[in-house]
Each structure stands twice: as structure tokens, then as C-alpha cells.
Amino acid sequence: MERVVQQLDILTEADKEACELPRISKEENRGNTRRMYIESYGCQMNFADSEIVTAILQEQGFDTTSDFNTADLILLNTCAIRDNAEQKVRHRLQHLVNVKKRRPGTLIGVLGCMAERLKSKLLEEEKIVDMVVGPDAYRDLPRLVDEADGGQRAVNVFLSREETYADISPVRLNSNGVTAFISIMRGCDNMCSFCVVPFTRGRERSRDPHSIVAEARDLFDKGYRDVTLLGQNVDSYRLTPDPSPKERGGNNSSPLGGGREGAVTFAQLLEMVAQVHPDLRVRFTTSHPKDLTDEVLHTMARYENICKYIHLPAQSGNSRVLRQMNRTYDREWYLERVAAIRRILGEDCGISTDMIAGFCSETEEEHAETLSLMDEVKYDFAYMFAYSERPNTPAAKKLADDVPHETKIRRLNEIIARQQQHSLERNRLDLNKVHKVLVEGFSKRSNEHLQGRNSQNKVVVFPKKHYQKGDYVHVLVTDCTNATLLGEAV
Ligand code: SAH
Ligand code: SF4
Ligand code: F3S
């Protein structure tokens, strides 16, 4: 029993790394009369959404606070990806019962993926919740807050085919002033059988490229030096411009008239953002192995400021399991995409993955193929999870969640142990080399050290000297752990 408990600790750690701790809004006083507090769970897209929500509510006269005890409006922007992500939010709501007792006028809203999954059921289950708002309904927040102020319980969980919040300028929360996220698309059309995202985020849609480039330029002008373009499957980004009035009238002489020829692909968007400034680093996540094209890899190779790092989730190393997952590629296809990365970008391009242990009907041999895929690729980093069945997903409807919990945890621990070896091996290859590091702030352990990342997304720590946040520094790496490179500015 004790062993299982210990192993559960490891599971929590892995999940923490993936989801991190909730992000909390900071104090910002603009002289408004009401204050909002927002806490975000889940993926970077959710963190980016919280910045949109804050922008919308600031317009409505809300300042932000980092202390929910002083807030008039408490928002939890939630994640539904695994059961433990939802449990965290449930615990948080329990905790907020006391706040509501002390200050009965405080409004509590649940936003994001859990709101979308549970809809008004959440109001029945969690009595203290005043508002339930899905990811495509944030423009409606002012009206929903009014309704809740008037004593009604307010719900909007409509999903949209168009909403991208393209015109809303996010209020950066928890910002280090150097790195920022830019959402380039929303939703997902992939239907991986284990995944709740297509249900919580709706259909895939791409955001207008000009608004993306404008946001990147604005960030650069404000001193930011590293932007990450976000989407569940960035390689399927495609935006076909609206036809001009003349073309709508049926004259198809312009290349835009045919639609497809005028479309902006992800490779083109990447190039447009890279051209904002050579000192602006560009990253992106997530790449789906079925859609990652050589064109994207060649674009990365052409621009020094497009970071040489690809998050390419495999989920499993076994082709039968991948078919059950409806990932639409097999082991061979995946390895060919890794070979293309190595061919076009070289051995030192960073590659990371997501892996799921103990998916429905996974055998010991199939699990061993996940480990052998890891041996072949040698990932720099991985997010690793035990399979958690999500209600109403294709897997929940059609497949039995039949791998015992203990087996899932044991396999997960084997995957984690293997990854720790590989991370250390990969980091050792970086020793005695000079890395260009963008400084993001002080190291976690000491104010005498700075930390930043290299192009391959590895954290590098070095003595501060006269360097500052936002500087590019050349660091000779002399030591490493499996998580960090250590060195000295040269
Ligand atoms: N769009 C991304 C993934 C977003 S979800 C992609 O396609 O890769 C992030 C990760 O959570 C997934 O890659 C997967 O590894 C994990 N995940 C998703 N659903 C899960 C579930 N039901 N149980 C365990 N892990 C899950
Ligand atoms: Fe989920 Fe698959 Fe879409 Fe990723 S690509 S969000 S795993 S359905
Ligand atoms: Fe979670 Fe929704 Fe992101 S389910 S991982 S917050 S898209």
C-alpha cells in the first residue's frame, strides 16, 4: 500500500509539471471600484484565455488582485483533461465556501473546460458557484456578471465556430516581461479517443494572421523577446482570407478568389512572426505528428530566431494502441517525422513528447514499445500521464478502461525513470558548448544567479554579473542535472 502511495506522489509531480500550479492574477490598481481575482489551471491556452478574460473585465471596471479575500469576483479558469485536474478545482471550491460566508456579496465563477464539460450541472453540484462560462463565451461576461449581481445564477456555454478573440488585447498576467503566449487558433477537430478537448473547446478555427503579427510586434515594442504561438494542433493552422467585395460578386481573377491559394499556412505564419524582429524568439506548441510538414522544418532552419525545439506528442510507441487512440499515425510514421527533424534541423534540435501509460487494453509488450520508442528518439523532455478516462469521450464510450490502476502507475513510473535517464544523457551532450540564452529572471534558488532558456528550450542557470532580464547572453555550459544546464557567461 505504501508503495502505491509513494508512486501516487510521483504521479502528482508529473501532473504538476504539466499543469503547473494554478496561476494567480497580480495586484493592479487602476482606481476601479471593484476587484477581480482569477486563478488558472491546465494548459497554456487557458493561461492565455485568462488574459483575455481580464482584458474584458477591466473594460467593465474591475481591477485585479492577488488575494481572493479582497475580491468582489473570484474566477477559476479550469481544466478537464484528467480527473485529478477537476478534483483540484473541486477542492478549491470547498475552500472558497468560507470566503463566501464571510463576504456573501462575493461572486464566484467557473470558467474554461470544466465549465464546458459540466455545464449547468456544475451549479447543482457546487452550490457556491454563481456563474458557469465556457471558453467561447467570455465576451458575454459583463452581462453574466450583471445577472449574477442581480441574484441569478448565470450560464453561457455556447461554443462558437468563429470566435478567436482576435481583436482583444490580452492583459498580461504573471508576466516576466520577457516571454508571452499568443493564441493562434482555438478548438480541435482531431478526436483522439482519450481526449476531452474537442468537447470542451469545440471546432478548430484559426485566428487572422495580421492580428497575430500585430500582437507579436506590440509585445516586441514593449520589451518582450520570446513569443510562443499556441494551438492544440498548430500545424493545421490555415486561414483563408475573406474574399474582397469584387470577388464575392463572382469575379475570380485574383489569386484570393479561389480560396485555397490565398490561404496562410502555419509555415507562412511562422515566417511572418519571425520577420517581426531578429531579436524576437518564436516558439510554438503543439505539433501533431500527422500534420508536421517538412515546410515547417525548413522555415525553422531558415530563421535563427525560430527556436530549435519541437513538442511532438507520441502518446504511445505501439501502432495498435495508437490506432485505438485514433491518433491517425503509426510508430513508423512517427519515427519518420523524427528522422525529418534530425535531417533538416540536426541532432541538437530539442524534441519533447507527451506519453500516456495504461491506455485501454495496453499489454506489457505494447508498453515496452513505448519505452523502446523513447530509447530510439531520446527525448529531451516529456510530460507523462496515467490514462484517466473522461466521460463521453470516444474511448469512454467504446473501450474498456481495463488496465488496473496499480499497473498504470507502475508503467508510468517506468516511463518517468527512462525519461530521466534520457534527459540527463541529452543534457550531457550540451556540456562544454556555448549556448545563447535569453534571460528570464533570477534563478529559483538564488538572486546571485540568473536563469533563461536556450533555443532548445532548456533552462540554463549562471552567475548574474552585470546581466539583466531580457538580455541575450552567451553561456558556456560546464555542468548539468537532468533538468537544468549550469554555466558561466563568456
Ligand atoms: N493537443 C495536444 C494535447 C493536449 S492535452 C496534442 O495533441 O498533443 C495534453 C496531453 O494530455 C496530451 O498530449 C495527452 O498526453 C494528455 N491527455 C489527454 N487526455 C488524457 C487522458 N484522458 N488521460 C491521460 N492523459 C491525457
Ligand atoms: Fe486532444 Fe488529440 Fe486534439 Fe490534442 S489533437 S487536443 S490530444 S483531440
Ligand atoms: Fe485542460 Fe482545457 Fe487545456 S482541458 S489542458 S485547459 S484545453
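See above for the structure.
Residues numbered from 1 in each chain as written. Chains lettered and ligands numbered in written order. Predicted model: local features only at pLDDT ≥ 70, side-chain atom pairs only at ≥ 80, totals over all residues. Heavy atoms only, no water.

S.K.: What am I meant to see in the pattern of salt bridges here?
M.R.: Between side chains of opposite charge, pairing is possible as soon as their charged atoms come close. Tallied over the full model, the rule gives 44 salt bridges. Its salt-bridge partner being R390, residue E86 comes within 3.0 Å of it at the nearest N-O pair. Here E86, found in helix α3 (residues 83–102), pairs with R390, found in the loop between β17 (381–386) and α15 (394–398); they are 304 residues apart in sequence, far enough to count as distant. Owing to a relative accessible area of 3%, E86 belongs among the buried residues under this scheme. R411 serves as the salt-bridge partner of E364, at 2.8 Å between the closest nitrogen and oxygen. With E364 in helix α14 (residues 364–377) and R411 in helix α16 (residues 405–428), the pair connects residues that are 47 residues apart, well separated along the chain. Judged by its relative accessible area of 34%, E364 falls in the partly exposed class. (Salt bridge = Lys/Arg side-chain N within 4 Å of Asp/Glu carboxyl O. Helix = DSSP H or I, 4+ residues; strand = E, 2+ residues; numbered from the N terminus. Buried < 20%, exposed > 50% of the residue type's maximum accessible area, 1.4 Å probe, protein only.)

S.K.: Whenever I open this one, the site of ligand 1 confuses me. Can you help?
M.R.: Looking at ligand 1, there are 15 residues lining it, with Q232, P313, Q315, D354 and S388 nearest. At 3.1 Å from a nitrogen atom of ligand 1 is found a main-chain nitrogen or oxygen belonging to F194. Taking Q315, its side chain carries an N or O atom lying 2.6 Å from an oxygen atom of ligand 1. Against a free-state accessible area of 540 Å², the protein chains account for coverage of 90% of ligand 1. Mapped onto the shell around ligand 1, the elements with two or more residues apiece are β16 (350–357) and β17. The class makeup of the residues in the shell around ligand 1 is seven nonpolar, four polar and four charged. (Near = heavy atom within 4 Å. Polar contact = N/O pair within 3.5 Å; in protein donor to acceptor, adjacent residues only side chain to side chain. Areas by Shrake-Rupley, 256 points an atom, 1.4 Å probe, with all protein chains shown as cover. Nonpolar A, V, L, I, M, F, W, Y, C, P; charged D, E, K, R; others polar.)

S.K.: Teacher, can you tell me more about the site of ligand 3 here?
M.R.: The local shell around ligand 3 consists of C43, N46, C79, A80, I81, C113, V197, R201 and Q232. A class-by-class count of the residues in the shell around ligand 3 yields six nonpolar, two polar and one charged.

S.K.: I tried to follow unusual backbone geometry on my own but got confused; where do I start?
M.R.: Negative phi is the rule for most residues except glycine; trans is the rule for most peptide bonds. Residue T286 is bonded to the preceding T285 through a cis peptide linkage, with omega at 10°. Topologically, T286 is positioned in the loop between β14 (281–285) and α11 (294–302). Backbone geometry places M191, a non-glycine residue, at a positive phi of 60°. Within the secondary structure layout, M191 lies in the loop between β9 (185–186) and α7 (197–201). Positive phi, normally seen in glycine, also occurs at N392, with a value near 70°. Since its relative accessible area comes to 53%, N392 is described here as exposed.

S.K.: Explain the packing of α11 against helix α13 (residues 331–345) here, please?
M.R.: How two helices pack is summed up by the angle between their axes together with the distance between the axes. Packing of α11 against α13 brings their axes to within 9 Å, and their N-to-C directions diverge by 30°. In terms of orientation, α11 lies roughly parallel with respect to α13. For the pair α11 and α13, the sense of crossing is right-handed. Each of D294, L297, H298, M300 and A301 in α11 lies in contact with α13, whose residues at this interface are R337, A340, I341, R343, I344 and L345. Taken together, the residues that form the contact of α11 with α13 break down as seven nonpolar, one polar and three charged. (Axes fitted to C-alpha atoms, helices over the stretch in contact; angles between N-to-C directions. Parallel < 35°, antiparallel > 145°, perpendicular 65-115°, else oblique. Left-handed = near helix turned anticlockwise from the far one by under 90°. Contact = heavy atoms within 4.5 Å.)

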